[in-house]
Amino acid sequence: MQANFELLKEMKKRVTASSACVDSLLSIPPDSGRFNNLLEVALQQQETACIEMRRLYDMVKTPESRIQKPADGNITEVFGKISVTPEGWVHIKLNFLLPHCRMTGATQYVSNSILRLINDAESAGKNLPFFSKAFVGILEFSPGEASDVFDHDNKGYKAV
C-alpha cells in the first residue's frame, strides 16, 4: 500500500511539472529554442507519469482482469498489437506516431509499449521466436496533418 502511495505522489509531481511547463509555453514564441526545450521537458514528464501509472495499474489489478490467451493468439492492447506471421516474423504494431529525434527523452513510452506487448504475449503462452540476428523494418502510416516530419530518417527509432 505504501509503494502505491509513493508512486501516486511521484506521478503527481510529474504531472504538476508538466503542467508548469505548459503554462510557460503559453507565453513563449513557438519558434524559440526555449519553447522546444520546455515542450520536451513537458513530454518527458507526461511520458514518465504514464509509464509509472502503467506500473501501478499492473500492481493493483486483480488476477481475473489479467490478460487471457486470446483465441487467435494475437495480443492486443490499446497502445499496440503483437503477432507472429505465418512466415515466423514478429509483427509489432504501435498505435501512435514515433517521436521526432529532437525529443531525446521521448523513447521511454515506445520502449515500454514494446516490452509490455512482448511480456503480455509470453505470459499468455504465445511462442515468440528468438533470433540471433534480426532485421527490423519500420513502416509508419499517418495522415499528413498528423506529422510535420518529412524526413523520416530523423525519427526516434533508437528505442525500437
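So, here is what we can say about the structure in this document. Fair warning: this is a prediction, and the values are worked out from it, not measured in the lab. (Residues numbered from 1 in each chain as written. Predicted model: local features only at pLDDT ≥ 70, side-chain atom pairs only at ≥ 80, totals over all residues. Heavy atoms only, no water.)

Glancing now at the nonpolar core. Ranked by size, the top nonpolar core spans 6 residues in total: Cys 21, Leu 25, Ile 28, Phe 35, Leu 38 and Ala 42. The set of elements that each furnish at least two residues to this core consists of α1 (2-25) and α2 (33-60). No other element matches the 3 residues that α2 contributes to this core. Here Phe 35 is in contact with Leu 25, Ile 28, Pro 29 and Pro 30, once residues within four sequence places are set aside. (Core = buried A, V, L, I, M, F, W, Y, C linked by side-chain atoms within 4.5 Å. Buried < 20%, exposed > 50% of the residue type's maximum accessible area, 1.4 Å probe, protein only. Helix = DSSP H or I, 4+ residues; strand = E, 2+ residues; numbered from the N terminus. Contact = heavy atoms within 4.5 Å.)

Side chains of Val 90, Ile 92 and Phe 131 sit close together on the surface and give an oily, nonpolar patch of about 220 Å² of accessible area. Summarising the element assignment, Phe 131 is placed in the segment after α3 (108-123). (Patch = residues over 30% accessible without salt bridge, like charges linked within 9 Å, V, L, I, M, F, W, Y side chains within 5 Å. Areas by Shrake-Rupley, 256 points an atom, 1.4 Å probe, with all protein chains shown as cover. Salt bridge = Lys/Arg side-chain N within 4 Å of Asp/Glu carboxyl O.)

On to the environment of Asn 112, then. With respect to the element layout, Asn 112 can be found in helix α3. When neighbours within four sequence positions are excluded, Asn 112 is seen to be in contact with Ile 51 and Arg 54.

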